[in-house]
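So the chains spell out like this:
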Amino acid sequence: MRARRTAPVLLPLLLAVTACTTGPALENQGAVTAPPGDSEHLTIGSAGFTESDLLAQLYALLLDRAGYSTKIISVTNREIYEPALESGQIDVVPEYAATFADWLNAKKNGADAAPVGSPDLATTMKALRALAAPRGLTVLDPGRAVDQNAFAVTSAYATAHHLKSLSDLGRSGLPVRLAAGDECVQRPYCAPGLKKTYGIDITAVDPKGVGTTPAKRAVQSGRDQMVLTTTTDATLDNFGLVLLADDKHLQNADYLVPVVNRSRAGSEGVRTALGKLNTALTTADLARLNEQVDSWRRLPEDVARTYLRSKHLIPAG
């Protein structure tokens, strides 16, 4: 196995990618239609938060196993790492299908462009690939893991009112004070969507942020009845919280997808190596991996290696 290191973005790289905001010109069809590249040395980008760090380590270990030499860099701003991906300064990044589709759509058509991400995975992937391809990017197949907005209540509250899904909550007619971010008041997938899709009586939004400790404590204490968090939140048990199923699919299809620079990492070798994760990694798996880093204070690389060994995707020892 080849050596790998994680490093912050170096100043020359930052200067280069901020100077290049769009990557290859869209009219430069040679950069887009050239045969997929297969560089021996690959740079994997992480967005700098726990889950992205874990995914970058998983990708690196699988690519190392396939014979590539890899390094990981952390770039916390999509406005910086996406142009770097286009230009080939970064070769692979873990992304979220619907979010990235909407981001590329806004980049092409303006901030007011109608969203192209949707709750339907196939529709979202079609839109994402159509936006990515002219930029020299290839979006590999999504796996089973999805990190999307989710809503949680206390287990005691769920038991008392027989709640397993957001539909159950809507039918209950219970008034709900929701701990979330300020933007929840207007976002179609938050308070307005909960009212329209599920008929939930949202009486107020308590602006404590998405999945923050204060937001969860507000629900734990009974000040609020529900909190906006994510499907891979690893700390719900610590607050006695449980997720309610999004049974009418209000949330967008933010499945995890590897995005690669076609000219450097668009080969079948990269696709096959990263595709091995698709049949293994589930949403629940990813939540547990996040927990090991955030709560148990284990290193992302160690957590990733142990997981891949447990799934027999890399050898032990």
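Here's a quick rundown of the structure. Because the structure is predicted, anything quoted here is derived from the model rather than measured. (Residues numbered from 1 in each chain as written. Predicted model: local features only at pLDDT ≥ 70, side-chain atom pairs only at ≥ 80, totals over all residues. Heavy atoms only, no water.)

### Overview of the overall build of the chain
No. 1: Broken down by element type, the chain carries 14 helices and 11 strands.
No. 2: Counting across all 317 residues of the chain, residues that qualify as buried make up 53%.
No. 3: Surface exposure of the chain reaches about 14200 Å², of which carbon and sulfur atoms provide 53%. (Helix = DSSP H or I, 4+ residues; strand = E, 2+ residues; numbered from the N terminus. Buried < 20%, exposed > 50% of the residue type's maximum accessible area, 1.4 Å probe, protein only. Areas by Shrake-Rupley, 256 points an atom, 1.4 Å probe, with all protein chains shown as cover.)

### Let's talk about helix 9 (residues 191–198)
No. 1: Among the residues making up helix 9, those that are buried are A191, G193, L194 and Y198. For helix 9, the angular spread of buried residues about the axis comes to 165 degrees, placing them on one side.
No. 2: One or two steps after helix 9, the chain reaches G199, where phi turns positive at roughly 70 degrees. (Arc of directions from axis to C-beta.)

### Points about the nonpolar core
No. 1: Grouped together as the largest cluster of nonpolar side chains are 35 residues, with contacts concentrated most on L58, L281 and L308.
No. 2: For this core, the secondary-structure elements that each account for two or more residues are strand 2 (41–46), helix 3 (50–65), strand 4 (92–96), strand 11 (256–261), helix 12 (268–275), helix 13 (283–294) and helix 14 (300–310).
No. 3: Of the residues forming this core, the biggest block, 9 residues, is contributed by helix 3.
No. 4: Excluding its chain neighbours within four sequence positions, the residues that come into contact with L58 are L277, L281, L289, A304, Y307 and L308. (Core = buried A, V, L, I, M, F, W, Y, C linked by side-chain atoms within 4.5 Å. Contact = heavy atoms within 4.5 Å.)

### Here's the deal with the layout of surface pockets
No. 1: The space that makes up the largest pocket amounts to roughly 1100 Å³.
No. 2: Contributing to the lining of the largest pocket are 34 residues, with T99, D102, R187, Y189 and D254 lying nearest its centre.
No. 3: Every element with two or more residues in the lining of the largest pocket is listed here: helix 4 (78–87), strand 4, helix 5 (97–109) and strand 9 (226–230).
No. 4: Looking at the lining of the largest pocket residue by residue, the classes come out as 18 nonpolar, 10 polar and 6 charged.
No. 5: In this structure, the second largest pocket encloses a volume near 390 Å³.
No. 6: Together, 14 residues line the second largest pocket, and D147, V210, T230, T232 and D233 are the ones closest to its centre. (1 Å grid on protein atoms, 1.4 Å probe; cavity = no way out; pocket = protein on both sides within 12 Å on 5 of 7 lines; lining within 4 Å. Points joined across faces, edges and corners; volume = space filled by probe spheres on them. Nonpolar A, V, L, I, M, F, W, Y, C, P; charged D, E, K, R; others polar.)

### Here we look at helix 13
No. 1: Taking 1.5 Å per residue as the helical rise, helix 13 with its 12 residues ought to reach 16 Å, and the 16 Å between its terminal C-alpha atoms agrees with that figure.
No. 2: Of all the residues in helix 13, the buried ones are T283, D285, L286, A287, L289, N290, Q292 and V293. (Expected span 1.5 Å × (residues − 1).)

### What to know about the side chain of S46
No. 1: Checked against the element boundaries, S46 lands in strand 2.
No. 2: At a separation of 2.4 Å, a polar atom in the side chain of S46 contacts the side chain of D53.
No. 3: When sequence neighbours within four positions are dropped, the list of residues in contact with S46 reads S52, D53, A56, I72, I73, S74 and V75. (Polar contact = N/O pair within 3.5 Å; in protein donor to acceptor, adjacent residues only side chain to side chain.)

### Some points on the pairing of strand 2
No. 1: Of all 6 residues that make up strand 2, 5 are buried, and the element is covered over most of its length.
No. 2: With helix 3 bridging strand 2 and its parallel neighbour strand 3 (residues 69–74), the resulting β-α-β unit is right-handed. (Right-handed = clockwise from strand over helix to strand, strands pointing away.)

### Describing the packing of helix 5 against helix 6 (residues 121–132)
No. 1: Contact pair helix 5 / helix 6: the axes reach a minimum separation of 9 Å and the direction vectors enclose 40 degrees. If you check the angle between helix 5 and helix 6, you find them oblique. The chirality of how helix 5 crosses helix 6 is left-handed. Across the interface between the two elements, A97, A98, F100, A101, L104, N105 and K108 from helix 5 touch T124, M125, L128, L131 and A132 from helix 6.
No. 2: When grouped by side-chain class, the residues that make up the contact of helix 5 with helix 6 number 9 nonpolar, 2 polar and 1 charged. (Axes fitted to C-alpha atoms, helices over the stretch in contact; angles between N-to-C directions. Parallel < 35°, antiparallel > 145°, perpendicular 65-115°, else oblique. Left-handed = near helix turned anticlockwise from the far one by under 90°.)

### Re empty space enclosed by the protein
No. 1: All told, the structure shown has 1 cavity of 30 Å³ or more when counted by the stated rule.
No. 2: Approximately 90 Å³ is the volume found for the largest cavity.
No. 3: L55, Y59, G143, R144, A145, L256, V257, P258, L274, L277, N278 and L281 are the residues that line the largest cavity.
No. 4: Of all the secondary structure elements, the ones that give two or more residues to the lining of the largest cavity are helix 3 and strand 11.
No. 5: It is strand 11 that contributes the most residues to the lining of the largest cavity, 3 residues altogether.

### A word on the sheet that holds strand 6 (residues 149–154)
No. 1: Taken in spatial order, the 5 strands make up an open sheet running 8-7-9-6-10, and their pairing is mixed. Of all strands in the sheet, those bounded by a partner on one side alone are strand 8 (201–207) and strand 10 (241–244). For this sheet the average axis-to-axis angle between neighbouring strands, irrespective of direction, equals 40 degrees.
No. 2: In this structure, strand 7 (residues 175–180) lies alongside strand 8, joined through 6 bridges in parallel fashion. Within strand 8, the residue paired with L178 across the bridge is V205.
No. 3: Sitting on the sheet, helix 9 is in contact with strand 6, strand 7, strand 8 and strand 9, with an inclination near 165 degrees to strand 8.
No. 4: Helix 10 (residues 213–221) contacts strand 6, strand 7, strand 8, strand 9 and strand 10 of the sheet and is inclined by roughly 145 degrees relative to strand 9. (Pairing = 2+ DSSP bridges.)

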